[in-house]
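Read off the chains here:
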Amino acid sequence: MAVTVVFLGKLADFAGEGERELPAPLDWQGLLGALGPDLAATASGERTKVAVNGAVLADKSALAAGDGDEVALLPPVSGG
Amino acid sequence: MAVTVVFLGKLADFAGEGERELPAPLDWQGLLGALGPDLAATASGERTKVAVNGAVLADKSALAAGDGDEVALLPPVSGG
Amino acid sequence: MAITVKLLETPFNPGQFVGPFTNAHPGLGGVCTFVGEVRGEEDVEALELLHYERMTLPGIEALAQQAAERFDLMGLLVVHRTGVMRPGEPIVLVSACAKHRRGAIDAVDFCMDHLKSDSWFWKRELRGGQWSWIEPRAEDHSDLARWGD
Amino acid sequence: MAITVKLLETPFNPGQFVGPFTNAHPGLGGVCTFVGEVRGEEDVEALELLHYERMTLPGIEALAQQAAERFDLMGLLVVHRTGVMRPGEPIVLVSACAKHRRGAIDAVDFCMDHLKSDSWFWKRELRGGQWSWIEPRAEDHSDLARWGD
C-alpha cells in the first residue's frame, strides 16, 4: 500500500531525508503534491530524472507507481 | 687513425659482424668502397640512415669522419 | 571477454587489482590502466561520493559492456570508490587488456569519459568544515562529444 | 615535472615501477599506464630487441621531453626492455601522471605511438628455431599521423 520515494544527491538535503513512503498508487501529480512546492519545482525541472525500480522514465509525467515500487528522483550527476 | 663503423639491426647480419674499423679520414665514397657492393647498395638506400657519434646526418653523402669517430649504419626501425 | 565491475566503500590499492587482472589474460598484447585520485587542491579536506546502489552498479556494467562491444578487448576491469575519501586516495580504476594497444587505450579513455558524466554518482566536497555539492561541468559534455554519443 | 627513462636487459614487473612512480607525485589527479607484453601468437618462441645504446636512450629521453612539453604532466616514466624476451614478458611500460586525466591518457598514447615507430630498436622473432627480422609497418605511420608530425 506504499511507494518508496528515494531522494538522491542534493535532493536528499532539500528533502531533509533520504527516502519517504507515500501511499500507492502514485502518479506524477500526486507525487508533486506530496513533495511540497520547493521539492516539486526541482523535481519538475528538466535536469531531474525519475526512475521506477531502477529504470529511468522517458516521460516522468507518465509516472504510475504501485504498492512496493521504488521511485527515485535523480538530480544531474556531478562532473569529474 | 681509425673510424669505427657500427652495423645495426639486419645490417649486422649482412656484414657478418657488429662493427668494423676503417682508416681515418673516411668520407661517403670511401665508406661505400670499403663496404663492398652488397652492403654499399643497402647503405645507399633511402631508408638507411647514417649517424656520426650518435647524431643522424641530414645528408649522408656529406660524411666526413675522423680518427675516433663512430659511424653507425641504421636500417629502418621495426614496427610494433 | 571478461568484464569485472566493483564498487568499494573502503580504500583500495590499484596494484592489488591490476596484477591479477593482467595475469588472468595470458596472450595479451597490452594493458592500459587509468587510476584517478582525489586531488587535494584548494583546501579540499574530503570528497564524498554518493550513489544509488540499484542503478549505479548496473549503469557501470552497461557502460563496460558498451566498451567491450566497441573495442577489441580481452578483459575490462572497473573499480569505483563510494563514500568518504581523503585527498590522495584512489577513486576510480579502469583497466583494459587487448591484443593491440589501440583498443586497450581507447577503451580506458572511453570508459573514463563516460564514467565521469554518465554514472549515477553525486559528489560533495568538504572545505573548511563545510560540505558543498559539485555540479556537472560543461567539459564533461565536450568529452562525450569525442565519441559521437 | 620529472622524467625517468630506463632500458632494462632483464625481465621486470610493472608494479614495481608504477607504485613508487605514483607515490612520488602527491597531489596528482590521475595516472595512466600502458604495459605492452610480448605476444605468443603464431608460434613465436622469443623476441629479440636490439638497440644502439648511444642513440636509443637519448632518443627516448627526447621523446619523453616532447611529451612533457606537449601535455600538462607531473611525471612521465618510460621503461623499455632490450635483449631476448619470451611471450608474456613486459616489453614496454609508459606511465604518466597529471592533474587531469586527459593529459595523462594522451601522453601515454603519444609516447606509445612514437616509441613504436621512432625509436632506435630493431626486432627479430624466433619461430621454429629460426630468427627473422621484423619490418616496419604501414600502420605505424598512420598512428603518427594522428599527432600531426
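Everything that follows concerns the structure shown earlier in this document.
Everything in this summary refers to the structure shown in the same document. Please read these numbers as outputs of a predicted model, since none were measured by experiment.

**Things to note about the nonpolar core**
- Formed by 60 residues in total, the largest nonpolar core has its most connected members in Leu76, Val94 and Leu115 of chain C together with Leu76, Val94 and Leu115 of chain D.
- Leave out the neighbours within four places in its chain, and Val94 of chain C touches Cys32, Thr33, Phe34, Leu76, Leu77, Val78, Val108, Cys111, Met112 and Leu115 of chain C.
- Ranked by size, the runner-up nonpolar core spans 25 residues in total, among them Leu8, Val18 and Val79 of chain C together with Cys97 of chain D.

**Re the interface of chain C and chain D**
- Each partner contributes residues to the interface: chain C has 27 residues there, and chain D has 26 residues.
- Regarding the contact of chain C and chain D, the summed buried area is about 2,300 Å², with carbon and sulfur atoms giving 48% of it.
- Considering only the side of chain C, the residues that lose the most area to chain D are Phe34, Arg39 and Arg101 of chain C, jointly responsible for 27% of the buried surface there.
- Applying the counting criterion to the chain C and chain D interface returns six salt bridges.
- Between Asp113 of chain D and Arg101 of chain C there is a salt bridge, with the nearest N and O atoms lying 2.7 Å from each other.
- Contributing elements (two or more residues each) for the side of chain C that touches chain D: β2 (30-37) and α3 (101-118) of chain C.
- Here the residues of the side of chain C that touches chain D sort into eight nonpolar, seven polar and twelve charged.
- Here seven bridges tie β2 of chain C to strand β2 (residues 30-37) of chain D, and the two strands are oriented antiparallel to one another. Looking at the pairing, Gly36 of chain C lines up with Gly30 of chain D of β2 of chain D.

**Section: the pattern of salt bridges**
- Evaluation of the coordinates by the stated rule reveals 24 salt bridges over all chains.
- Notably, a salt bridge pairs Arg124 of chain D with Asp13 of chain B, separated by 3.9 Å at the nearest N-O pair. In this pair, Arg124 of chain D sits in strand β7 (residues 121-127) while Asp13 of chain B sits in helix α1 (residues 10-15), so the two residues belong to two different chains.
- Residue classification places Arg124 of chain D among the buried positions, given a relative accessible area of 18%.
- Two residues, Asp113 of chain D and Arg102 of chain C, come together in a salt bridge whose shortest N-O distance is 2.9 Å. Of this pair, Asp113 of chain D sits in helix α3 (residues 101-118) while Arg102 of chain C is found in helix α3, placing the two residues in two different chains.
- In this structure Asp113 of chain D comes out as buried when scored by relative accessible area, which is 0%.
- A residue is classified by how much of its surface remains accessible, and Arg102 of chain C, at 23% relative accessible area, is partly exposed.

Reading the values: rules and limits
Residues numbered from 1 in each chain as written. Chains lettered and ligands numbered in written order. Predicted model: local features only at pLDDT ≥ 70, side-chain atom pairs only at ≥ 80, totals over all residues. Heavy atoms only, no water. Core = buried A, V, L, I, M, F, W, Y, C linked by side-chain atoms within 4.5 Å. Buried < 20%, exposed > 50% of the residue type's maximum accessible area, 1.4 Å probe, protein only. Contact = heavy atoms within 4.5 Å. Buried area = accessible area lost by both parts, 1.4 Å probe. Salt bridge = Lys/Arg side-chain N within 4 Å of Asp/Glu carboxyl O. Helix = DSSP H or I, 4+ residues; strand = E, 2+ residues; numbered from the N terminus. Nonpolar A, V, L, I, M, F, W, Y, C, P; charged D, E, K, R; others polar. Pairing = 2+ DSSP bridges.

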